[in-house]
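Understanding the architecture of this molecule
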Amino acid sequence: MKYAFTLFILAFTSLGFSQNTGMVVGKIMDNELQNRPLVFSDVAIKGTSIKSNTDVTGLFVIENLKDGDYTLVYSFVGYETQELNVKVVSGQPTEVKLGLSATTVSLLELASITSVAQKDDKTASVLN
């Protein structure tokens, strides 16, 4: 009986300690293409090194977060980077559904990129 009580106390305390963290679970969708999932999008917590990527269904999970407010930064190549404030509560997953829209490039920006690329080509040919 004594051993059963000790085992019960150890199991109860380990469960109590495991509930001190929370998680953010979400899905990133493409606003341009009928809300299809954006595969391998980047998701990070601003100001930390905590990062995640979406899977083939657009889902991501960031685990082991302490209680508090965080800013999610999510992005995909060719799309605008967005931020979202979330509140994490231990023992409860915070669920979010996010959407990204394509980035627009003006003709002036495109012309400046092209002129820089042409200058680099001339420099490379002089060095050879």
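Read on for an overview of the structure. (Residues numbered from 1 in each chain as written. Predicted model: local features only at pLDDT ≥ 70, side-chain atom pairs only at ≥ 80, totals over all residues. Heavy atoms only, no water.)

Here we look at the sheet that holds strand S4 (residues 51-53)
If you trace the four strands from one edge of the open sheet to the other, you get S4-S3-S6-S7, paired in antiparallel fashion. The open sheet has two edge strands with one neighbour each: S4 and strand S7 (82-88). In this sheet, adjacent strand axes meet at a mean angle of 25° when their direction is disregarded. For strand S6 (residues 68-75) and S7, the ladder comprises seven bridges, and the chain directions are antiparallel. Note that in S7 the partner of Val-73 across the bridge is Glu-83. (Pairing = 2+ DSSP bridges. Helix = DSSP H or I, 4+ residues; strand = E, 2+ residues; numbered from the N terminus. Axes fitted to C-alpha atoms, helices over the stretch in contact; angles between N-to-C directions.)

Things to note about the pairing of S6
The pairing of strand S3 (residues 42-45) with S6 spans four bridges and is antiparallel. The residue of S6 that forms the bridge with Ile-45 is Leu-72. Between the antiparallel neighbours S6 and S7 lie six residues, among them Gly-78 with a positive phi of about 85°.

Considerations on the pattern of salt bridges
Counted under the stated rule, the structure contains one salt bridge. Note that Glu-83 is salt-bridged to Lys-46, the shortest N-O span being 3.1 Å. Taken together, the residues span a long stretch of sequence, with Glu-83 in strand S7 and Lys-46 in the loop between S3 and S4 at a distance of 37 residues. We classify Glu-83 as partly exposed; its relative accessible area is 45%. (Salt bridge = Lys/Arg side-chain N within 4 Å of Asp/Glu carboxyl O. Buried < 20%, exposed > 50% of the residue type's maximum accessible area, 1.4 Å probe, protein only.)

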